[in-house]
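Fold and contact review
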Amino acid sequence: MAKTIMVQGTMSNVGKSFVAAGLCRIFRQDGLRVCPFKSQNMALNSYITKEGLEMGRAQVTQAEAAGIEPSAMMNPILLKPNSDTGSQVIVNGIARGNMNAVEYYRNKHTLIPEVSKAFHALAKQYDVIVIEGAGSPAEINLKENDIVNMGMAKLADAPVLLVGDIDRGGVFAQLYGTIKLLDEEEQRRVEGLIINKFRGDRSILVPGLEQLEGMTGVPVIGTLPYLHVDLDDEDSLSERLHDERRHGYRGEKPVKIAVIKLPRMSNFTDFSVFEQFTQVSVYYTETPEGVQNADMIILPGTKSTMSDLLWLRQSGLEAAIQKASQRGVPVFGICGGYQMLGQEIRDPNHVEGGGSVKGIGLLPIVTAFDSEKHRTQVCGTFREIKGVLKKLTGVSFFGYEIHHGNTVCVKNCAAVGEISDGRPDGAQCGNVYGTYVHGIFDERAAAVIVETILEAKGLVLEQEEKYDRTAYRQRQYDVLADTLRSNLDMDRVYRILNKQFV
């Protein structure tokens, strides 16, 4: 059976996912067969496995760091919020329907066998499992039937590393308060504290660390610097989604790509590939002003296509996108964004509450929601592309489809791509393009698009940026692992790993 170690945090977005990914990479580098695991994930960034099952992107990133194929067993429960109080519940990669928060909390204990089965199946295949918690283990109102933090640590017999975020302030209170809200058995499981996102001279921090160790009885095993690595973020707290004025349309980079920040935006990781180019500013905008100077506008996927389309209309962004398209700015829709660009969206099966809504009207398509979700990995090539992005013609792509929509052209229009099984994908009209393929930019398409926009400005794509995405990501994992090795007491981490509880 695999040895286990668990990474928990004092709150969301303290860096649990990155620490877990870094440990996966280190253990792999050290010759161990390592696997990530998170029993319950709440995120709109999801992925489709080879088997056509849905899981959270964070565990996909960690699996990639570990050098293994992602499996839905690594994330047996995925909650995809579709309102302020409800989520679609996905178990072992398959949607079981929508539940509000009270209903899910009431029924959560029935999913413990599913979590246990997935975990123990993986434990038979690997030497080490790196488990990630969610939010904070000190949510005392949610501790009953906990299946993701200390409840999971007990189920897996796992020692715990607790991560706090010093960048947001109050890290000593975070760590001390979290530990003191745990019961005695849970406190004994916490074997190490990690200070994350530190900027400055560590010597100034040392007196506080010594006091913290004395007050908690738990050693601080590392202080990690604020690290800029280009890896997929888990959820809407991602820093890349904020501060559009500094990084976006008012920046100095020659290529400006505006991603519309929809209220229920999903899979924003589709666009992180553009961030590897030093000449490109990718920014997420909620205002008409944000698209005025954009060189390309992207409408992303969403968990609530119809309501987000109405928000787009009410915010003035629909009109701004239409005007930008008339000026010749390329507009590209992915999944729900593709559906929005059409003439109409219909919901006869009440997938999103029923009814219909008028689309933006830039593509001659109509979409109707099916009750069944379409989930599959795909590969294919761009067909003959017209307009600004014509250089995409013949470029290959690999990604996945995850949608309820069935989209048809209402008048003659060309597809954007062709899937390897011969199916057409998407639609195009002038400089407006749409596709159902998440990850369609990850192979060569992003470089072709950036090069096209630069050429129109009389500029060239810098040669060193013409590397492949896979090699780039592997380097990012190595940078992450190197940073953890340099700033964590890895000898102690291995001692903790080898200390299992009874």
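As a starting point, this report considers the structure included with it.

Criteria and cut-off values
- Residues numbered from 1 in each chain as written.
- Predicted model: local features only at pLDDT ≥ 70, side-chain atom pairs only at ≥ 80, totals over all residues.
- Heavy atoms only, no water.
- Helix = DSSP H or I, 4+ residues; strand = E, 2+ residues; numbered from the N terminus.
- Buried < 20%, exposed > 50% of the residue type's maximum accessible area, 1.4 Å probe, protein only.
- Contact = heavy atoms within 4.5 Å.
- Axes fitted to C-alpha atoms, helices over the stretch in contact; angles between N-to-C directions.
- Parallel < 35°, antiparallel > 145°, perpendicular 65-115°, else oblique.
- Nonpolar A, V, L, I, M, F, W, Y, C, P; charged D, E, K, R; others polar.
- Pairing = 2+ DSSP bridges.
- Salt bridge = Lys/Arg side-chain N within 4 Å of Asp/Glu carboxyl O.
- Right-handed = clockwise from strand over helix to strand, strands pointing away.
- Disulfide = S-S within 2.5 Å.
- Core = buried A, V, L, I, M, F, W, Y, C linked by side-chain atoms within 4.5 Å.

Structurally, Gln 339 can be placed in helix 12 (residues 336-340). A relative accessible area of 3% means that Gln 339 is categorised as buried. If we skip the residues at most four places from it in the chain, Gln 339 touches Thr 305, Ile 345, Thr 367, Phe 369, Gly 405, Thr 407 and Tyr 436.

Here we take up the packing of helix 10 (residues 305-314) against helix 11 (residues 317-326). In contact at an axis separation of 5 Å, helix 10 and helix 11 are set at 75 degrees when each is read in the N-to-C sense. As summarised for this structure, helix 10 and helix 11 are arranged roughly perpendicular, according to the angle between their axes. When helix 10 is examined against helix 11, the residues Trp 311, Leu 312 and Arg 313 are found in contact with a partner set consisting of Leu 317, Glu 318 and Ile 321. When grouped by side-chain class, the residues that make up the contact of helix 10 with helix 11 number four nonpolar, no polar and two charged.

Before going further, it helps to examine the sheet that holds strand 3 (residues 40-42). If you walk across this open sheet you meet the four strands as 3-6-7-8, and the pairing is mixed. With one partner strand each, in any of the chains shown, strand 3 and strand 8 (94-100) form the two edges of the open sheet. Neighbouring strand axes in the sheet, compared pairwise and without regard to direction, differ in orientation by 25 degrees on average. Here strand 6 (residues 77-81) runs beside strand 7 (residues 86-91); their pairing, made up of five bridges, is antiparallel. Residue pairing in the sheet places Ile 77 in a bridge with Val 91 of strand 7.

At a minimum axis distance of 13 Å, the contact between helix 1 (residues 16-29) and helix 15 (residues 490-497) shows a crossing angle of 90 degrees. Viewed along their axes, helix 1 and helix 15 adopt a mutual orientation that is roughly perpendicular. Counted together, Leu 23, Ile 26 and Phe 27 of helix 1 and Met 490, Val 493, Tyr 494 and Leu 497 of helix 15 form the full contact between these two elements. A class-by-class count of the residues in the contact of helix 1 with helix 15 yields seven nonpolar, no polar and no charged.

With that settled, the discussion passes to the pattern of salt bridges. Taken as a whole and assessed by the stated rule, the structure comprises 23 salt bridges. Between Arg 199 and Asp 167 there is a salt bridge, with its nearest N and O atoms 3.1 Å apart. Here Arg 199, found in the loop between strand 11 (190-198) and helix 8 (202-216), pairs with Asp 167, found in the loop between strand 10 (160-165) and helix 6 (171-180); they are 32 residues apart in sequence, far enough to count as distant. On the accessibility criterion, Arg 199 (52% relative accessible area) is exposed. Through salt bridges with shared partners, one network takes in Glu 54, Lys 80 and Lys 373.

Further remarks concern the environment of Ile 385. Within the secondary structure, Ile 385 sits in the loop between strand 21 (365-382) and strand 22 (396-409). Sequence-wise, Ile 385 and Tyr 284 are 101 residues apart; in three dimensions their C-alpha atoms are separated by 26 Å. Once you skip the residues sitting within four places of it in the chain, Ile 385 turns out to touch Lys 390, Leu 392, Thr 393, Val 416, Gln 428 and Tyr 433.

To continue, consider the pairing of strand 11. Counted residue by residue, strand 11 has nine buried out of nine residues, so it is predominantly covered. Two strands pair when backbone bridges link them, and strand 10 and strand 11 are joined in this way by six bridges, in the parallel orientation. Bridge pairing in strand 11 links Val 163 to Ile 194. For strand 11 and strand 12 (residues 220-225), the ladder comprises four bridges, and the chain directions are parallel. Pairing of Ile 194 across the sheet is with Gly 222, part of strand 12. Each parallel crossover has a hand, and the one from strand 11 via helix 8 to strand 12 is right-handed.

Turning our attention to the state of the cysteines. Under the counting rule described, the total for this entry stands at zero disulfides. Free of any disulfide, Cys 335 has its nearest cysteine sulfur in Cys 409, 16 Å distant. The exposure class assigned to Cys 335 is buried, which follows from its relative accessible area of 6%.

Grouped together as the largest cluster of nonpolar side chains are 80 residues, with contacts concentrated most on Leu 23, Phe 27, Phe 37, Val 130, Ile 131 and Leu 193. When residues in this core are grouped by element, the largest group, seven residues, is from helix 1. The contact partners of Leu 23, leaving out residues within four places of it in the chain, are Val 7, Val 130, Leu 161, Leu 484, Leu 488, Met 490 and Val 493. Core analysis: the second largest hydrophobic core is formed by 69 residues, Phe 268, Phe 271, Tyr 284 and Val 291 among them.

Attention now moves to unusual backbone geometry. The phi torsion at Asn 267 lies on the positive side, around 55 degrees, for a residue other than glycine. Looking at the element boundaries, Asn 267 is found in the loop between strand 14 (265-266) and strand 15 (280-285). For Asn 267, a relative accessible area of 2% corresponds to the buried category. Phi at His 350 takes a positive value of approximately 60 degrees, unusual for a residue other than glycine. Within the secondary structure layout, His 350 lies in the loop between strand 19 (344-346) and strand 20 (356-358).

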